[in-house]
Each structure stands twice: as C-alpha cells, then as structure tokens.
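Here's the letter readout for the chains.
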Amino acid sequence: MRILLIEDNEALADATQEYFRQIGHPLDWTVSVEMAERTLSWDDFDMLILDINLPGRSGYQLLQSLRQKGRTIPVLILTARAEIDDRVSALDLGADDYLVKPVDFRELAARCRALLRRERGAASNTMVCGNLIFNLATHQITVNNQAVELRLRERQLLELFLKNLDRVLTKEDIANKLYTFDEANTPNAIEQTLTRLRKKLSESSLHIKTIRGLGYLGHIDD
Amino acid sequence: MTKAVYSLQQHLITRTVLLMIIVFSVLSAGVWDYASRAADLSYNRLLNSASLSIIERISVQESQIDLDLPYAALSMLELAPDDKVYYEVIDHTGQHLTGYRKTPSPVDYQPHSDPQFFTAKYKGEVVSWVVQSKLLIAPAANGWVVIKLGQTRNARNELSGEIFFSSLATLSGILLLTTLLVWLGVRRALQPLSIISENLKNRSPNDLRPLNTPAIKEVVPLVDAINSYQQQLLHNLDTMKVFIADASHQIRSSLGGIQGQLDVTLQASDTEEIRSRLINIRQQHKKLTRLTNQLLAHALVTHRSDSIEPRLISLNALVEALLTETVRDQAHTQIDFSYTAKTDDIRIPGDKVSLKEALKNLLENAVRYGPDINQIDITLSPCDGNLVEIIIDDSGPGIPGHQRRQAIQRFSRLSSDVSGSGLGLAIVETVIQAHQGTLKLERSPSGGLRVLIRLPGAPL
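Residues numbered from 1 in each chain as written. Chains lettered and ligands numbered in written order. Predicted model: local features only at pLDDT ≥ 70, side-chain atom pairs only at ≥ 80, totals over all residues. Heavy atoms only, no water.

Caption draft 1: Looking closely at the packing of aromatic side chains. Under the definition given, this model contains nine aromatic pairs over all chains. Their ring planes at 75° and their centres at 6.2 Å tell us that tyrosine 19 of chain A and phenylalanine 20 of chain A sit as a pair that is edge-to-face. Grouped by ring-pair contacts, the aromatic residues Tyr86, Tyr100, Phe118, Tyr122 and Trp129 of chain B constitute a single cluster. (Phe/Tyr/Trp six-rings, centres within 6.5 Å; stacked < 30°, edge-to-face > 60°.)

Here's what the structure looks like:
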C-alpha cells in the first residue's frame, strides 16, 4: 500500500510522514503538482493525499487532469476551506473524500484506510475492516482471528453493510437486497437479524448505527 | 444591476423646453393667422373702396354703357407702390367692356351688389380680387354689370410678415425668459442635494457626527435617512469592535496558555512530565483550533448573510446529509439519533452553506454537552403560516430557563467546560436571523435541551 502526499507545508508534511511511518504505512511526499506528476508518471500509488493551495498549479488542477486521463486512484483532499464554492464541493470535483485543516492524524489515517478498503474490496475477495476479515469466496468471517459463525441472512446483511460503509441504508434498501419479492419479510425481521449480527460482532471494529426514521449506517472504527 | 444615471436637472429642463416649443408652435400658428387676416382686412377695404368708386361711374348713355374710369380711385391703390393693379368690366350681356381680358371669377359667381373677395392666379402671379356688380335698369341695358378689380399681394404679405415677426420676437423673448426662470428654479431646488453631497464628500472617515439638517422641509427626510443609515453602520462597527476585542482576548489567552506550557515543557527533563505537559498542550491547541474554526465560521455566515441571494433548498436532503456525516463521526459512541420528517419535500429559500453550518453546530452542541448515552432527535415539520419547524432535542442536562438568553450571546459559556468556543449558538442565531427565522431554547421531553427553529417556507 503506497500513499503519495502532496503538501507544501513542510512541518505538516514531516509530521504526517512520521505519523504514517509509526502506524506502519510509510508515505512518499512531494511539494508541488509538477513534482507529483513526475513521480506519478514512473511510479504506482494506491492513493493520493492532496493539498489544494500549492505553489504553482493547484491541487484541483492535478485532480482534474488525473480524472480526465481516466485514472480512478482514490484522492483525499486536504483543504483549508470548508467550502470551495457555493455549489461545488471537493467531492463534485472528483475527490473521494476531503478533510478540512487542521486535521487529526487519527482521523486522516482512518479516512485513508476507508478509501483503500473501498478500493481493495472491489478488487479482491477479502475485505479487511479493522479486526474484522470477511472472505467473500469462502464466506469465512473472523474477528480478531476468531472465526464467527453467521447465518445466511446475517452474512448477507454484513456484506451489504461492508460494501456500503458510511452510507445510510434504508429498510427498503435492505429488504430489496436481502429478500425476494415472495418472501414474507417484515421490517421486524430485518431488525431481529440486525440485533443478532450486532451481538455476534460486538467485539469487531464494525459499528452499525440505527438512525430511527432514516435507516442504518455501517462504520469501521479502526 | 446599476441603472443608467440620468440628470434630474436635465430631465426637468428638457421637458420644459419641449413644452415651450409646443406652446411656441401653437402661438406662432395663431399669430400667423391673425397677421394674414389683419393684412387682408386692410387691403381688402382699399380694394373695395376703389371698386365702389368705379362702380359709381358706370352709367347708361344713349343705349350704351358708359364708364368714366376714375383715376383717383386707382391712385388709392398706389399706397402699395410695388403692386400691380388689374381691372375688368363686363356688361350685362356678359361681354368684355373694358380693362384686362379674361380675369378670373370666383366659382359659381352670382352677380350681387355686395363685394366678394377672392384670391386667384392671374398672369402668373397670385392676385387678390374684389368682384362687385351693379344692376342697370334701362331700356337699352337691363341687367348686371360686373366689375373685377385685382391687386398683387406684395404689400399685404409685407404687412402680415411685419405683424407676424414682430409678435414672434416678443413671444420668443417671453419663452426664453420662462426657460431661464425654470432653469434657475430647478437649480435652486436641487441645490440642497449638491450641498449634501459636498458635505458628505468633504467629510473625513473619522467624522462620526450626524449631518446637519438643513432648514428645508423637503430635504429633512433625506438627511434623516442618511443619518439613520450612518447610525446603523456605527452600531455595526461597534459590535464588530467588541467582537474583535472578545476574539483577540480568546485567541491571545489560548496562545498564551500554549506558549507557557511549551516554555515549561522545554525546561522539563523528566519524560513523564514532558509527556503530561504535551497532552496538556495538545488539549489547549485543540481548543484553539476549534475557536479559530468557529470564528471563521462566524465570519463566513455573517458575510454570507449580507451577500448571498437565497436559493430554494431541500431541507430534508440537507438534514439527512448532515445527519449521515454526524452519525459516521459518532459511530463509536453510545449516542442514538432519530429523524422524523413530517413531509418528504420541505423546501425553503436560503443559503445552504450557512444553514448547514448552523445545524451542524446544533448537532455538535447536542453531542458535546450531552451525556455519553444520549438520544438526539431531529424533527422537520411544516407548520402554520407557511413556516417550517426544525426541532433538535437531546437528553442532556438542558439549559435552565434563566440562562437561555445568555446562552445565545457570543463568548458566554455557561459552564467552565474547556471545549466550548462560546460561538456555536451565536453562529446559529446569525444564520437564523439572516433567514428571517426565530430561534428558541426550550426543555425537551426527556428533560434535555430543545432547540426550536422556525423558518419561512418556500413562497407559495
């Protein structure tokens, strides 16, 4: 897993590099878009942490040129402004996530992991979510390397949440994905399945929050 | 959005001049008519007396019509020396008797003893004619003898021209004088405006005195309006000064705290002590970060409330997105959230960025000041009078009634809790005021705080 940090503030870059080294994810660092483009041309990275206000070309210009070339590499924007424009947010410009400076390194690392997880989950059969590992091929689930036995519905529900982390799933969403049209399903059944799943995964990094009136949201806290 | 500037003075004067030109044209036409009629009247009289004296000399002598042309009569017409005179006498049988031949007659002329005047062309010139007849009753000549006498119009035209142009000169004089008076009047009337603008222009920016009210009744409201606007600006400026003073105090205190801690930490040699100092510094720094963010958010919503045109926004979508973010950030906690929207599509005119900032602050407050096991409920509902109600309830300690007013004021923290910036509710209030809404703090059903916001809904 390789991350490229593009940041012109040396103190921040130095600290970020040190923090990521300590948690076992060393990252490369360049100070300008021009240098980043050169680095990207000969090296492969799994994601970018991109500052917006850079000397020379801005972070957005790099992001735009990357997206125009069809490169889907996850980009996390670091910005000093919460809102770039009235209508256009960092996400509209093609970023996968953004954080407003000053950032908490734990938060930054968690967001990076979430992005990488999303990227990797799509490519491989194993989803690693903190201490929870879900093998999509063998249907094996472990928490802290301890196997967890899940029933079919529970496993389907878990897969649904892991594939839609940090997004709200309504009861209808879940019913549509988990049950066929004929199957008698009551919202109650979903609630019961969820309660059992929560209980079995109580030691895991996965939190499934209920937002009454809106739906459910899965989040990895690692 | 700027309209083309037009001059009131120019406008008024142009209109007056236009009106004057119309009056001038109408009067000129009248004067012209009068002048021609006056000239015609005088010269027709001359012509008629000449024709009368000719007609008197017509007699019947021995079965023959005899005319002894009175040259004195024609000499009367010499008052107009440049004009030519033509005459013709036609006998009772309609035959030319004497004078010029083939002179014109009025259309359908019936012989009559009264004179008839007309104008016709003769020998290529416009000639004014009089035609008059005399009934002869004699065995030899029984019938009407017609006499026609004509005179070219040079003298008449000269006379009517003279009358016309002398009247016109007087008229122009009067009109010019009127225009001048109007111009002076307009200038005089607009002078207070120039005095006020000069007064404002020459003012130093530090001169905070109100403008002197001039003793002109019509100008007093303008000066009053300027003065009240100035007072409002001064008030805003004062508020801003107090705010900057408060903010400086807060930032400096925080920075001072951090610097002190850093200095002490540099002196320390014990690793454990350094560590605990660093934890302290980090805590202080977090507080400063939050303060800075809140100050910037406050500046942002204040600025936007003055400058952003409201757009129709979906409140449901805004709250749902915000709630999703909050739940994600609070996923590791024991806080439960609920969301109730009485209608699916509540739209209000407003600024999305500010509203989001305000609601985010309220949710953050509910989390920050609530207990670890907390229940936060958001309710959206349309209510009477095209209003939209947003209720945020928590099950925290709430704010006692007598402190609720104070809670909204800037930099007033109700507890000695270190994490608050003292700006959260001030930001919320600024935003709600900018949206012409109301903000109320009440007691929630679970005994915590209820924040009740009412905002005007989308125009029907």
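Now that the structure has been shown, we can carry on.
Caption draft 2: Layout of the pattern of salt bridges. Following the criterion strictly, the structure yields 29 salt bridges over all chains and no others. A salt bridge links arginine 111 of chain A to aspartate 97 of chain A, with the nearest nitrogen and oxygen atoms 3.1 Å apart. Of this pair, arginine 111 of chain A sits in helix 4 (residues 105-123) while aspartate 97 of chain A sits in strand 5 (residues 97-100), and the two are 14 residues apart along the sequence. Both residues of the pair, arginine 111 of chain A and aspartate 97 of chain A, belong to the buried class. A salt bridge links aspartate 40 of chain B to arginine 153 of chain B, with the nearest nitrogen and oxygen atoms 3.5 Å apart. Residue aspartate 40 of chain B is found in helix 1 (residues 8-56), and its partner arginine 153 of chain B is found in the loop between strand 7 (142-152) and helix 3 (154-201); the two are separated by 113 residues along the sequence. (Salt bridge = Lys/Arg side-chain N within 4 Å of Asp/Glu carboxyl O. Helix = DSSP H or I, 4+ residues; strand = E, 2+ residues; numbered from the N terminus. Buried < 20%, exposed > 50% of the residue type's maximum accessible area, 1.4 Å probe, protein only.)

Caption draft 3: Representation of the interface of chain A and chain B in the model. Counting from both sides, the interface comprises 20 residues of chain A and, opposite them, 25 residues of chain B. Of the roughly 1,900 Å² buried where chain A meets chain B, counting both sides, 53% is carbon and sulfur surface. For the salt bridge of arginine 282 of chain B with aspartate 104 of chain A, the shortest nitrogen-to-oxygen distance reads 4.0 Å. At the junction of chain A and chain B, the tally comes to four residue pairs in polar contact (both at pLDDT 80 or more). Of all the secondary structure elements, the ones that give two or more residues to the side of chain A that touches chain B are helix 4, strand 11 (206-212) and strand 12 (215-220) of chain A. In terms of residue count, the dominant contributor to the side of chain A that touches chain B is strand 11 of chain A (five residues). (Contact = heavy atoms within 4.5 Å. Buried area = accessible area lost by both parts, 1.4 Å probe. Polar contact = N/O pair within 3.5 Å; in protein donor to acceptor, adjacent residues only side chain to side chain.)

Caption draft 4: Local environment of the sheet that holds strand 7 (residues 132-135) of chain A. Residues and elements named next belong to chain A. Across the sheet, which stays open at both edges, the four strands sit in the order 6-7-8-9 with antiparallel pairing between neighbours. Either end of the sheet is taken by a strand with one partner, and the two such strands are strand 6 (126-129) and strand 9 (146-147). Bridge analysis of strand 7 against strand 8 (residues 140-143) gives four bridges, and the strand direction is antiparallel. Residue pairing in the sheet places asparagine 135 in a bridge with glutamine 140 of strand 8. Helix 5 (residues 152-163) contacts strand 6, strand 7 and strand 8 of the sheet and is inclined by roughly 110° relative to strand 7. (Pairing = 2+ DSSP bridges. Axes fitted to C-alpha atoms, helices over the stretch in contact; angles between N-to-C directions.)

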